[in-house]
Protein chains: 2
Amino acid sequence: MVERRRPGQPAGITHARVVAEARELLTEEGVDGLTMRALAHRLGVAPNALYTHVRTKAQLVDDVLDDLLAGVTAIDPDDPDWRGALHALMRSSHAVLLEHAELVPLFLARRGARETNAQRLGESMLRLLATGGVEGRLAREAQRALIVYTIGSAAFAARPPLGSNAETEALPSVDELTRNFDQGLAWLLAGIARA
Amino acid sequence: MVERRRPGQPAGITHARVVAEARELLTEEGVDGLTMRALAHRLGVAPNALYTHVRTKAQLVDDVLDDLLAGVTAIDPDDPDWRGALHALMRSSHAVLLEHAELVPLFLARRGARETNAQRLGESMLRLLATGGVEGRLAREAQRALIVYTIGSAAFAARPPLGSNAETEALPSVDELTRNFDQGLAWLLAGIARA
DNA sequence: ACCTGAACACCGTTCAAGT
DNA sequence: ACCTGAACACCGTTCAAGT
């Protein structure tokens, strides 16, 4: 806390630490609490020190999201049960995004932040669709529809912040959100499979 | 411009004017340009004067979105071709949301801003689904899936702001966005109809 | 390269006061 | 009720400088 440091004295900050601390700050204080200044304070550093490790706040948000996507359960992209594997992949993505649902709308707004993990997932999806005979333009559209539905569901599930004035009308549980998600996903996959 | 006004002198501002001006500001300057201060400036008024007509900025955003939804093409909620009518309804919603796509992620984040126009649309959807024999819990889930997909598609289509550093890789046209949207919607409706 | 102090150019919102 | 002036408590980011 009282750590005095003079200019030039390194504080042991890395990009990974910034992202990890951002995630913690996010879960504790919500999306409005995620500010560069609060993040710097947590790391025991001056606000502008962050700019050594991160280009902008928007880029940081992208990095947090992609860090989140690293937690998606791996599947076999050549699983002969392509529809089952695709369902599992999207379900895991949805679950992982729910962890920071508040952040997801920002993700949507930035058109998907094509970072490494997101790209890898996209490729797995195309592989599975190809196994099901869905290829070319149609595969691209199926991929887009699945992504939109999955990210959209997570964003839609974003809880209002704790001190909200919204009627306390028993927000749906994670379980219920997942069941709802599953149902729509099944409809979508059924449509795609018959294409 | 040089209109001097003393405290108490009304400026002819109404809630409707604030919303309308917000929409114009939004199309001209994008979502980052939509600030209370810029909006007040446009209306020739001090920033805090807006708080006579609007409770918070978040509420204003909700109002703008609902104002937007007023533009959705009316359909007959008892159309026997329920699937066609539902498709048309969602397509029109999608088109209208594309007008301020940048704003849509905020809409998602606020869980749908249940204002009057949004409610009316939701009821039409349930009516049409009932005509198709989809009722009760399943109807609720179909409604949710359709809304998530429609709003998600619009949000996903949000153009990066003009001065973006994103590779200028020929962003999809509105026509193409609509075709893509239609394809996924058809899949979803096919799945729902077979439920 | 990595950090600090200070500053710039903003925000949304509130408060007290005037008509 | 409707507006103003002034202020509060913040923001993200940049610049110059120090090691």
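This text follows the structure it describes.
These lines cover the structure that appears in this document, whether it is placed above or below. (Residues numbered from 1 in each chain as written. Chains lettered and ligands numbered in written order. Predicted model: local features only at pLDDT ≥ 70, side-chain atom pairs only at ≥ 80, totals over all residues. Heavy atoms only, no water.)

## Quick word on the overall build of chain A
- Each helix and strand counted, chain A has 8 helices and 0 strands in total.
- Beginning at the N terminus, the succession of helices and strands in chain A can be written as α-α-α-α-α-α-α-α.
- Looking at chain A residue by residue over its 195 residues, the buried ones come to 45%.
- Summarising the internal contacts of chain A: among those between residues at least 6 apart in sequence, 72% fall at separations of at least 24. (Helix = DSSP H or I, 4+ residues; strand = E, 2+ residues; numbered from the N terminus. Buried < 20%, exposed > 50% of the residue type's maximum accessible area, 1.4 Å probe, protein only. Contact = heavy atoms within 4.5 Å.)

## Thoughts on the packing of helix 1 (residues 15-29) of chain B against helix 3 (residues 57-69) of chain B
All names here are of chain B.
- The geometry of helix 1 relative to helix 3 is characterised by a closest axis approach of 10 Å and an angle of 85° between their N-to-C directions. Between helix 1 and helix 3, the crossing angle belongs to the class labelled roughly perpendicular. The residues of helix 3 that touch helix 1, namely those facing His 15, Val 18, Val 19, Ala 22, Arg 23 and Leu 26, are Leu 60, Asp 63, Val 64, Asp 67 and Leu 68.
- Counted by class, the contact of helix 1 with helix 3 contains 7 nonpolar, 1 polar and 3 charged residues. (Axes fitted to C-alpha atoms, helices over the stretch in contact; angles between N-to-C directions. Parallel < 35°, antiparallel > 145°, perpendicular 65-115°, else oblique. Nonpolar A, V, L, I, M, F, W, Y, C, P; charged D, E, K, R; others polar.)

## Describing the nonpolar core
- Ranked by internal contacts, the top residues of the largest apolar core, which has 118 residues, are A:Leu60, A:Leu146, B:Leu60 and B:Leu146.
- When near neighbours in sequence (up to four residues on either side) are disregarded, A:Leu146 contacts A:Leu86, A:Met90, A:Met125, A:Leu185, A:Leu188, A:Leu189 and A:Ile192. (Core = buried A, V, L, I, M, F, W, Y, C linked by side-chain atoms within 4.5 Å.)

## Describing the relation of the copies chain B and chain A
- Rotating chain B by 180° about the axis while translating it 0.0 Å along that axis superimposes it on chain A, leaving an RMSD of 0.0 Å. Such a turn and shift between the copies fits a two-fold axis.
- In this assembly, 100% of the residues forming the interface of chain B have copies in chain A that are likewise at the interface, indicating an isologous arrangement. (Least-squares fit on C-alpha atoms with pLDDT ≥ 70 in both.)

## Observations concerning a positive patch on the surface
- Residues A:Arg83, A:Arg194, B:Arg83 and B:Arg194 make up a contiguous surface patch of positive charge.
- Structurally, A:Arg83 is set in helix 4 (residues 82-98).
- You can call A:Arg83 partly exposed: its relative accessible area is 36%. (Patch = residues over 30% accessible without salt bridge, like charges linked within 9 Å, V, L, I, M, F, W, Y side chains within 5 Å. Areas by Shrake-Rupley, 256 points an atom, 1.4 Å probe, with all protein chains shown as cover. Salt bridge = Lys/Arg side-chain N within 4 Å of Asp/Glu carboxyl O. Lys, Arg positive; Asp, Glu negative; His and termini not counted. Charge placed at Lys NZ, Arg CZ, Asp CG, Glu CD.)

## What about helix 4 of chain A?
All names here are of chain A.
- The end-to-end C-alpha distance of helix 4 is 24 Å, a good match for the 24 Å that 17 residues give at a rise of 1.5 Å each.
- In terms of burial, helix 4 is a largely internal element, 12 of the 17 residues being buried.
- In this structure, the buried side of helix 4 is in contact with helix 3 (57-69), helix 5 (104-109), helix 6 (116-131), helix 7 (136-156) and helix 8 (174-193). (Expected span 1.5 Å × (residues − 1).)

## Some details on the side chain of A:Glu141
- Tracing the backbone shows A:Glu141 in helix 7.
- A:Glu141 sits in the buried class, given a relative accessible area of 7%.
- Beyond its immediate stretch of four places on either side in the chain, A:Glu141 contacts B:Asn180, B:Gln183 and B:Trp187.

## Overview of the interface of chain B and chain A
- On the chain A side, the residues contacting the 36 residues of chain B number 36 residues.
- The junction of chain B with chain A conceals about 3200 Å² of combined surface from both sides, 65% of it contributed by carbon and sulfur atoms.
- The interface formed by chain B and chain A includes 0 salt bridges.
- Where chain B touches chain A, the interface holds 6 residue pairs in polar contact (both at pLDDT 80 or more).
- Residue contributions to the side of chain B that touches chain A peak at 12 residues, all from helix 7 (residues 136-156) of chain B.
- A per-class count over the side of chain B that touches chain A returns 22 nonpolar, 8 polar and 6 charged. (Buried area = accessible area lost by both parts, 1.4 Å probe. Polar contact = N/O pair within 3.5 Å; in protein donor to acceptor, adjacent residues only side chain to side chain.)

## As for the packing of aromatic side chains
Residues and elements named next belong to chain A.
- Within this structure, the stated rule accounts for 2 aromatic pairs over all chains.
- Judged by centre distance (5.3 Å) and plane angle (10°), the ring pair of Tyr 149 and Phe 181 falls under stacked. Of the two residues, Tyr 149 is situated in helix 7 and Phe 181 in helix 8; the sequence distance between them amounts to 32 residues.
- Relative accessible area serves as the criterion here: at 1%, Tyr 149 is assigned to the buried category.
- For Phe 181, a relative accessible area of 0% corresponds to the buried category. (Phe/Tyr/Trp six-rings, centres within 6.5 Å; stacked < 30°, edge-to-face > 60°.)

## Notes on the environment of A:Leu98
All names here are of chain A.
- Here Leu 98 lies in helix 4.
- Put simply, Leu 98 and Thr 178 are 80 residues apart on the chain and 9.6 Å apart in space, counted from C-alpha to C-alpha.
- When sequence neighbours within four positions are dropped, the list of residues in contact with Leu 98 reads Ala 154, Ala 157, Val 174 and Leu 177.

## What about the environment of A:Leu69?
Residues and elements named next belong to chain A.
- Structurally, the position occupied by Leu 69 is in helix 3.
- Each C-alpha atom of the pair Leu 69 and Val 134 lies 25 Å from the other, and the pair is 65 residues apart in sequence.
- In contact with Leu 69, other than residues within four places in its own chain, are Val 96, Leu 97, Phe 107, Asn 117, Ala 118 and Leu 121.

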